Structure formats: structure tokens, C-alpha cells
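Report on the structure
Spelled out, the chains give:
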Amino acid sequence: MTQRQMHLVAYLKTGPTSNYPGAWRHPESPLDDILQPERYEHLARVLEAARFDGCFFADTFGLSDTYKDGFATHLGRGGQISYLDPLAVLPLMARVTRHLGLGATLSTTLYPAYHLARTLASLDHVSAGRIAWNIVTSATDLEARNYGMESLPPKEQRYDQADEVLEACCALWEGWAPDALLLDKASGRFADPGKVHYAHYAGRYVRTRGPLSIPRSPQGRPVLMQAGTSDRGREFAARWAELVFINAETLEDAARYRADLSARMARYGRAPEECAVLPSLAVVIGETEAIAQEKAAYLATLSDPELVLAWNSAMIGADLTRVATEAEAVAAAGHTGIEGSRNRVLQVAREQGISFAEAARKPRGLVVGTAQGVADRMEAWFRAGACDGFILWPTISPRMFEEFGRFVVPELQRRGVFRREYEGRTLRDNLRC
């Protein structure tokens, strides 16, 4: 029997920084290429050389202005921002790779189902079956206003609408039979109209007739990603997700999430192995433990405390200069904010024995050590069954991914828990290997 293999996916932004505030100031963090194709092509090559399953671009559809009623801190101090639309970047990355999965974050609240189905099917074709959809319902009113709405609907309604969007997209993707495209010059038959069908989907929130003008793509539909943390979010993931990413401070936290998700999946007739659970992780690697700690200490000097607070405010949905407790944050956020982000702050408070307000002022935790030490941590979680792999987000991009591929990946391969070569043709194939 083939030994179970770990899955690795990279968390990316179309900009110089991700979740570690101030890392863009590091001497080895390039800035002059953040709007250039070469940056993203290089990242794609680095990740494929390291045999990552894939990558995806996190996205917020606007500039965060939760903190102090404006975007001055978030933009001026170099927060996590999408400086390019990831949909423009993914085809560039597809052209320079053959195996790497490529994911985009797209909102079921902001985009019509037909637009989503058409865009994702097109990308799956041009990537030869390597597209993933990171499904979000959106979490901020600023995004709603950018798309012509006064505010976001309540969370329960957003997820109910998301269910309908997924049902509609699947109906559209199923509208073309696999053999509908004939391309027969001799007979003059380009396609078989009898194998293309209307969707005629009509729900409470979503209506679409179809059919798509796009033939069935190599995967049939993109790999479905999600980060459901709330009760309703977990239920959505249990029904639809093939990959979920979570924030877990401890192995026990990850194991509890996976057990809960598996139980929910069973109610939909799905087996646990149909959805990979990947906790998020960022690393600082050194040739020795002392070197790793020194590198982490220097990185910490670049962290901007006000930017940390501004970013956590954006994720939680409440200005953290005005609230001090979780209850106050929940009340201020209302139907906005990301529950997983609030839970992460709570986990930090619990683990470190500090208040919610103090935890909200701390940058995200890092795994610091030698390649062997980092691999020890990853292997322990993986072999314990707490997860199926990891989502890696960068401190310094692309350097962290380069170092991880050069030092940690060979260590994982030596231990027999990570692939040496790709086995599948599509992203879904590789996730199931």
C-alpha cells in the first residue's frame, strides 16, 4: 500500500507581504517587481520545483478601512493588499508550470454564478486542469459597497446564497457532456448540440439559464477550497469543500476540527478523505537553532505594532482601538468579520495567558528552527492524523518558499511523507494521491 503523503499549498498575495506585518521591509524582500509578471512566474517555478500541490491567492476586494475609520494605516504602512487582480496573474503562472495547482479567491456574495462558472472553467482549460476556487462569502461591508450594495447580508443568508451559487455553477459545468466537442473537419460537425444542455437553475437568491459557451474543462469543475470556521461555515465545507485551511495553534485544535468536519461530512454521504484539512504555517529556517532564532528576532524588529492592530481589526471586523474584549469585538463587528481570525486571537490569548486585547496586538506565530526541527513539527501533526498537510504563508516572499523548498522539502521526502514527483495529471488527481 502506498504510504499516505502530505499536501502542501502556498498562500499568496499579489503584493510584497502576506500575514506578517512589516516583512516587506526586510532587505531580502524585493519591491520593484510587485506589479511585474516575472515575480509571479518565479514564484510558480519555485513552488513547482518544491513539488507543492498548489498555491492560491488570498484576496480582499478593496482597501480595508475598519481601523480608525480609514485605510491610511493599512495602506501607508504596507499591509496585506492585492495590488493586482489574481485572475490576471494565474494564466501567467500556468504558462511556466505543468503541475502546480493554481487557486483564486472569489466571492459568492459579490459575483453572479454564471460569471464564476465561466471564469473558472476558462482558467481550468488554459491551465490543463489545475484550477482551485477558494470560496468566500465576503466578510466586510467595504467589499459590498464596492460592488454596489449598502452592506453585506447576514452571515446565514450569505451561506444560503453560497449553497445556491455552488448548485448553479455545478449545473452550468455539467451542461456540456465530456464528448460534446467533436471537431470533425471531414463531416463538418464541430460540436453535438444534443450533448449541451440548459441549466435552468432557479433558487431563492440565484437564477441562471445557461448553458455555458465553454466546453467541459479537464477537471469538470475546479477543486473547491474553503476556510469554514463558524458552525455554518463548517457545514458548508462539509457539503462542498475538497480542501479546507484552518488556523490551529496546537495539534489538538487541528485534530478537533478534523473530527468535527469528518462527522459533518458523513451526514452528506462523504468520506473524510474527500476533503484535505490543512492548517496554516509560516517558518523561519536556520542552519542551526541559534541562527534560526536570530533570524526570527530580526524579523520581529520589523513588525509594526499599529499595522498588526489594523490588520486584526480588518479580519475581526471591529476597530480594536475601540474594543477590549471578545464580546465587545463581536458586538462591534455585527454580521461582518471572519470568525476564524477572532478564534485565532482567542487561541493566542489562551495559550499565552494574556487578554484578548493583548493577543490582538501580537503578530502571527512562526515555527522557528532548523529544517529538521520544522520537519519534526510537521511530521508529528501529519502522522497523528490531525491534518493532511499544510498551507504555508510567507514571512519574506519569495525567500521563505525558496528556503523551504531547498531545506525542508528534502527532509520531508527523506522521511517518506512527501512526494518526490507529481503523480497526477490534474490538481484534483494530485490531492488524491
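Below is a short write-up of the structure.

The next point concerns the sheet that holds strand E1 (residues 7–12). Spatially, the 8 strands close up into a barrel ordered E1-E2-E3-E4-E9-E10-E11-E14, and their pairing is parallel. The sheet shows a mean angle of 30° between the axes of neighbouring strands, taken without regard to direction. For strand E11 (residues 276–281) and strand E14 (residues 389–392), the ladder comprises 2 bridges, and the chain directions are parallel. Along E14, the bridge assignment pairs Leu281 with Leu392. Strands strand E3 (101–107) and strand E4 (131–136) of the sheet are contacted by helix H4 (residues 113–126), whose axis makes an angle of about 150° with E4.

What follows covers a nonpolar patch on the surface. Together, Leu35, Leu63, Phe71, Leu75 and Tyr83 make up an exposed nonpolar region whose accessible area comes to about 410 Å². You can see Tyr83 is positioned in the loop between helix H2 (72–76) and helix H3 (86–95). Relative accessible area serves as the criterion here: at 32%, Tyr83 is assigned to the partly exposed category.

Now for the packing of aromatic side chains. Using the criterion set out here, one finds 11 aromatic pairs in the structure. Where Phe56 meets Phe245, the ring centres are 5.1 Å apart and the plane angle is 40°; that geometry is what we call tilted. Taken together, the residues Phe56 in strand E2 (residues 54–57) and Phe245 in strand E10 (residues 243–246) connect sequence positions 189 residues apart. The two residues Phe56 and Phe245 agree in class, both being buried. Connected via pairs of aromatic rings, a cluster forms that spans Tyr11, Phe56 and Phe245.

Residue position: Asp388 is located in the loop between helix H14 (371–383) and E14. Within the local environment of Asp388, its side chain forms a polar contact with the side chain of Arg4, the two groups lying 3.3 Å apart. Each residue touching Asp388, except ones within four places of it in the same chain, is listed here: Arg4, Gln5, Met6, His7, Arg258, Cys275, Ala276, Val277, Leu278 and Phe382.

It is worth spelling out the side chain of Ser397 at this point. One can find Ser397 in the loop between E14 and helix H15 (399–414). Excluding residues that lie within four positions of it along the chain, Ser397 makes contacts with Ser29, Pro30, Arg39 and Leu43.

Attention shifts here to H14. Counted at 1.5 Å a residue, the expected span for H14 with its 13 residues is 18 Å, and the 18 Å between its end C-alpha atoms agrees. Once H14 finishes, Gly385 follows within two positions and takes phi at roughly 80°, a positive value.

Attention shifts here to the pairing of strand E5 (residues 181–184). Pairing of E5 with strand E6 (residues 189–191) involves 2 bridges; the strand directions are antiparallel. When the bridges of E6 are listed, Asp184 appears paired with Arg189. Two successive antiparallel strands, E5 and E6, enclose a turn made up of 4 residues, where Gly188 displays a positive phi of approximately 80°.

The full count for this structure, using the stated rule, is 38 salt bridges. A salt bridge links Arg39 to Asp33, with the nearest nitrogen and oxygen atoms 2.8 Å apart. Note that Arg267 and Glu235 form a salt bridge whose closest N and O atoms lie 3.6 Å from each other. In this pair, Arg267 sits in helix H8 (residues 251–267) while Glu235 sits in helix H7 (residues 231–240), placing the two residues 32 residues apart along the sequence. A network of salt bridges, in which partner residues are shared, links Glu156, Asp160, Asp163, Glu167, Arg232 and Arg239.

Once that is clear, we can look at H15. In an α-helix, one turn spans 3.6 residues; hence positions three or four apart end up facing the same way. Given a rise of 1.5 Å per residue, 16 residues ought to cover 22 Å, and the 22 Å separating the end C-alpha atoms of H15 matches this to within 8%. At Gly405, H15 is bent by approximately 40°, the largest bend along its length. Of the surrounding elements, those touching the buried residues of H15 are E1, helix H1 (37–49), strand E12 (283–285), helix H9 (289–302), H14 and E14. Following H15 by one or two positions, Gly416 has its phi on the positive side, about 80°.

Turning next to the nonpolar core. Proteins that are soluble and globular tend to have nonpolar side chains buried together. Of all hydrophobic cores here, the largest spans 111 residues; its most connected members are Phe52, Met93, Trp133, Met378, Phe401 and Phe404. Of all the elements, helix H6 (residues 155–173) adds the most residues to this core, at 9 residues. In this structure Met378 touches Met6, Leu8, Leu281, Phe390, Phe404, Val408 and Leu412, once residues within four positions along its chain are discounted. Formed by 13 residues, the second largest nonpolar core is a distinct cluster that contains Tyr67, Phe356, Ala359 and Ala360.

Attention now goes to unusual backbone geometry. Following Gly210, the chain continues into Pro211 via a peptide bond in cis, with omega recorded as -5°. Relative to the helices and strands, Pro211 resides in the loop between strand E8 (207–208) and strand E9 (223–226). Note that the residue after Ser397, namely Pro398, is joined by a cis bond; omega there is 10°. Looking at where Pro398 falls in the secondary structure, it is placed in the loop between E14 and H15. Even without being a glycine, Asp69 presents a positive backbone phi close to 60°. The topology assignment puts Asp69 in the loop between E2 and H2. If you check the backbone angles, Ser138 has positive phi at about 75° while not being a glycine. In this fold, Ser138 is placed in the loop between E4 and helix H5 (141–146). For Ser138, a relative accessible area of 7% puts it in the buried group.

In this section: the packing of H7 against H8. Put simply, H7 and H8 touch, their axes get as near as 8 Å, and they point 60° apart. Relative to H8, H7 is oriented oblique. Here the hand of the crossing between H7 and H8 comes out right-handed. Residues Asp231, Arg234, Glu235, Ala237 and Ala238 of H7 pack against Tyr257, Asp260, Leu261, Arg264, Met265 and Arg267 of H8.

Cut-offs used in this document
- Residues numbered from 1 in each chain as written.
- Predicted model: local features only at pLDDT ≥ 70, side-chain atom pairs only at ≥ 80, totals over all residues.
- Heavy atoms only, no water.
- Pairing = 2+ DSSP bridges.
- Helix = DSSP H or I, 4+ residues; strand = E, 2+ residues; numbered from the N terminus.
- Axes fitted to C-alpha atoms, helices over the stretch in contact; angles between N-to-C directions.
- Contact = heavy atoms within 4.5 Å.
- Patch = residues over 30% accessible without salt bridge, like charges linked within 9 Å, V, L, I, M, F, W, Y side chains within 5 Å.
- Areas by Shrake-Rupley, 256 points an atom, 1.4 Å probe, with all protein chains shown as cover.
- Salt bridge = Lys/Arg side-chain N within 4 Å of Asp/Glu carboxyl O.
- Buried < 20%, exposed > 50% of the residue type's maximum accessible area, 1.4 Å probe, protein only.
- Phe/Tyr/Trp six-rings, centres within 6.5 Å; stacked < 30°, edge-to-face > 60°.
- Polar contact = N/O pair within 3.5 Å; in protein donor to acceptor, adjacent residues only side chain to side chain.
- Expected span 1.5 Å × (residues − 1).
- Bend = angle between axes of the 7 residues up to and from the residue.
- Core = buried A, V, L, I, M, F, W, Y, C linked by side-chain atoms within 4.5 Å.
- Parallel < 35°, antiparallel > 145°, perpendicular 65-115°, else oblique.
- Left-handed = near helix turned anticlockwise from the far one by under 90°.

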